[in-house]
Amino acid sequence: MITQLDKANLLNHLHIKGDPLILFNIWDAGSAQAIQSVGSRVIATGSWSVAAAHGYADGEKLPFDLVLANLKRIIASVDLPVTIDLEGGYSQNLTKIQENVTKVIEAGAVGINFEDQIVGGKGLYSIEEQCNRIKAVRDAAERASIPIFINARADIFLNIEPVNHNNKHLEEAILRASAYAEFGASGFFAPGLRNAKYIGKLCELSPIPVNIMVLPDTPPAKKLAELGVARISHGPGPYAEILNTLKETGRKALSMS
């Protein structure tokens, strides 16, 4: 039987530059089983999707006990490694973040997304602040003896129109990737980055594997692989697509057409 440690090691080893791990993000046990059945190698939640499926907005609005209960059901329903979008750790307090990460590991998760956006506030944590937060997460994982994959998310690009992305933003991403790696991050997640030139440069200079999220104008998967991306995630896209289908089929049924 594959152990949690085995799953953690597998998740770490699946991040290969130029041969990306593709994650079609899920939100509950049923969607996890569906994606496992079509050949996924890893199960990954998306915070927006999980929150929406429970009737909440994103941004740590879904109570942490529900996040944890949902995670436990997902892990119990599949055989694959599971990584959870933990947003900002559900606290700004380092001790509380460690407690939450410990609970996630005890539930069986082997990876987390951990963002540098100040949830409920404005802007990003400074590099020093976020490095201390990442170190707290890594320390909790080491105490649990599970080498979780810490996917350090940087929200430099997401809230800026792609046409306005520039070299300064790229330089900050590279700086954060290097700093986060030094303090225990396993990968660097740059949601919102679509510019192929910038993606390629980030992959070239980041000391840890780069994760890009699929958006309507993101380069196709094969191109991302050529650029050196090691992880491709779909974020809220799968849930949004399912929800649109549900609305459309429901509209037709209710109109008797």
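For the structure given in this document, a descriptive report is provided here. Keep in mind it's a predicted model, so treat the numbers as computed, not measured. (Residues numbered from 1 in each chain as written. Predicted model: local features only at pLDDT ≥ 70, side-chain atom pairs only at ≥ 80, totals over all residues. Heavy atoms only, no water.)

1. As for the packing of aromatic side chains
How we decide: Classification of ring pairs rests on two measures: the distance between centres of Phe, Tyr or Trp rings, Trp counted by its six-membered ring, which must be within 6.5 Å, and the angle between planes, read as stacked under 30 degrees, edge-to-face over 60 and tilted in between. Where helices and strands are cited, they refer to DSSP runs of H or I of at least four residues and of E of at least two residues respectively, numbered from the N terminus. Using a 1.4 Å probe on the protein chains alone, a residue whose accessible area is under 20% of its type maximum counts as buried, one over 50% counts as exposed, and one in between counts as partly exposed.
Using the criterion set out here, one finds 4 aromatic pairs in the structure. Ring geometry for tryptophan 48 against tyrosine 239: centres 5.8 Å apart, planes inclined by 70 degrees, an arrangement best described as edge-to-face. Taken together, the residues tryptophan 48 in helix 3 (residues 47-53) and tyrosine 239 in helix 10 (residues 237-254) connect sequence positions 191 residues apart. Overall, tryptophan 48 belongs to the partly exposed group, its relative accessible area being 36%. Classification of tyrosine 239 as buried rests on a relative accessible area of 11%. Pairing phenylalanine 64 with tyrosine 90 gives two aromatic rings, centres 5.3 Å apart and planes at 50 degrees, and the pair type is tilted. Placement of the pair is phenylalanine 64 in helix 4 (residues 64-77) and tyrosine 90 in the loop between strand 3 (82-85) and helix 5 (94-107), with a sequence separation of 26 residues. With relative accessibility at 14%, the residue phenylalanine 64 sits in the buried group. An aromatic cluster is present here, built from Trp27, Trp48 and Tyr239 joined pairwise through their rings.

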